[in-house]
Amino acid sequence: MKTGITHLAIPGPTNVPEAVRQAMNVPMQDMRAPDFGDLTVGLFSDLRRVFKTTNGTIMIYPGSGTAAWEAAIMNTLNAGDRVLMSRQGQFSTLWARMAEQLGLDVELVDVPWGAGTPVSEFARRLGNDVEGKIKAVFVTHNETATGVTSDVGAVRAVMDDVYHEALLFVDGVSSVGSIDFRMDEWRVDLAVTGSQKGLMLPAGLGILAVSNRAMAASRHATLPRAYFRFEDMTSFNRDGYFPYTPPTQLFHGLRKALDRLFEEGLDNVFARHRRLAEGVRRATEAWGYDLVAEHCRIYSDTVTAIRVPPEVDARDVIRGAYVNYNTSLGSGLGPLAGKAFRIGHIGDLNEVMCLAAIASSEMALVDAGATIELGSGVAAAQAWYRDSRVRQPMAIAAE
Ligand SMILES: *Cc1c(COP(=O)(O)O)cnc(C)c1O
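Keep in mind it's a predicted model, so treat the numbers as computed, not measured. (Residues numbered from 1 in each chain as written. Predicted model: local features only at pLDDT ≥ 70, side-chain atom pairs only at ≥ 80, totals over all residues. Heavy atoms only, no water.)

Peer 1: Whenever I open this one, the packing of aromatic side chains confuses me. Can you help?
Peer 2: One pair of aromatic rings is described through two measures. These are the centre distance and the angle between the planes. Within this structure, the stated rule accounts for 13 aromatic pairs. Summarising the aromatic geometry, the rings of Phe-51 and Phe-181 are spaced 6.0 Å apart at their centres and angled 85° between planes, so their arrangement reads as edge-to-face. Of the two residues, Phe-51 sits in helix α2 (residues 37-51) while Phe-181 sits in the loop between β8 (167-171) and β9 (190-194), which places them 130 residues apart along the sequence. In terms of burial, Phe-51 and Phe-181 fall into one category: buried. Measuring from ring centre to ring centre gives 4.7 Å for Trp-95 and Phe-138, while their planes differ by 70°; the resulting arrangement is edge-to-face. Remark: Phe-138 occurs in strand β5 (residues 134-140) and Trp-95 occurs in helix α4 (residues 90-101); sequence separation between them is 43 residues. (Phe/Tyr/Trp six-rings, centres within 6.5 Å; stacked < 30°, edge-to-face > 60°. Helix = DSSP H or I, 4+ residues; strand = E, 2+ residues; numbered from the N terminus. Buried < 20%, exposed > 50% of the residue type's maximum accessible area, 1.4 Å probe, protein only.)

Written out as structure tokens, the structure is:
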């Protein structure tokens, strides 16, 4: 029998705060009631704040992040349209595969897993595309498989340099709400997220922020769409209603989760993720292990992918952490299977939760044959968390 809690140290689904869970514990309600908009209208405007857009249109689909990927493509592009994408990990690979499956002509740039979006290669290809054949550029802001954050603003800048008019699609599933995302500043046309990562909810909402340019493109784009049709969504959403039955409990949870994000302050939320992530990185350094991410400038603040030495099978580490220490670690995906494991540090999280993940990782690593010293990573993270602490007045001592 298992006692205590199972620690969720994966980059999604993330921990749901108790207050958010409680907020969802409400009876079913009439989604056509005259006051239903009291709950939903504010969700649209507050999600705009999280994406940092004033004019973007928010779509909330019952579905996961993958649904929002598909909605973005089907509403704005035409069969055979050329799109520029890079593969740098499992999620960017899956999005490229989807684009091919949906009938796009995908111009692929493969980079090593651990690198970010290849901005200069994108610049070269966009510069050569004088006829404007490339209709969209896709960026995975935070590649969850490798723990790499790419520079969306830099991609926008190279598009501007050559006056390229392609739409800019960005996967922000593991960044929006945890790592700074600036839809308007970067002029992102289609920004995707899901409910179960930075928004600290169960899976079930695929969320999309759409620029005015992308809304205009959707009016004459010809890929077939039905469930995901923008016009159906926007015509109902105007008054807070939906074209089909929405998951109302999740909306109550979303209300509470957004309240919490704003109460903490988005900038503080980003800073907390950075600080917690740094503790995990210092632990990794103490073990003498490399990150999958190639350079400190692209380290992700929501997930760290850690390479294990050749004598250790990362699958044993993940299995052992779960079976023996009640901790779910993220697996090495695709070609990283067995070679890396991931510690997710996204969402509702604090220092001691990260320390628990590091401690379980150490025990599971040693069990799997690693020669690291128990406690070395924990100590490095503890030292960082103490040194970097935002000093709180100690109420008890002051009394
Ligand atoms: C989790 C994730 C997805 C997939 O989202 P689902 O909600 O599982 O469909 C896509 N992209 C990234 C970067 C992710 O982290």
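What follows continues from the structure just given.
Peer 1: Help me understand the site of the ligand in this model?
Peer 2: Every residue close to the ligand is listed here: Ser-64, Gly-65, Thr-66, Trp-69, Phe-91, Asn-142, Thr-144, Asp-171, Val-173, Ser-174, Gln-196 and Lys-197. Within the side chain of Gln-196, one N or O atom sits 2.7 Å away from an oxygen atom of the ligand. Isolated, the ligand exposes 380 Å² of accessible area, and the fraction of that covered by the protein chains is 88%. Among the elements that line the shell around the ligand, the one with the most residues is helix α3 (residues 65-76), at three residues. Of the residues that constitute the shell around the ligand, the class distribution is three nonpolar, seven polar and two charged. (Near = heavy atom within 4 Å. Polar contact = N/O pair within 3.5 Å; in protein donor to acceptor, adjacent residues only side chain to side chain. Areas by Shrake-Rupley, 256 points an atom, 1.4 Å probe, with all protein chains shown as cover. Nonpolar A, V, L, I, M, F, W, Y, C, P; charged D, E, K, R; others polar.)

Peer 1: Which parts of the structure should I look at to understand unusual backbone geometry?
Peer 2: For the bond running from Gly-12 to Pro-13, omega is 0°, close enough to zero to count as cis. Assignment of secondary structure puts Pro-13 in the loop between β1 (7-9) and α1 (18-23). The backbone of Arg-187 shows a phi angle near 50°, a positive value even though the residue is not glycine. Mapped onto the secondary structure, Arg-187 falls in the loop between β8 and β9. Judged by relative accessible area, Arg-187 falls into the partly exposed class, the value being 41%.

What is shown is where atoms sit, not what they do.
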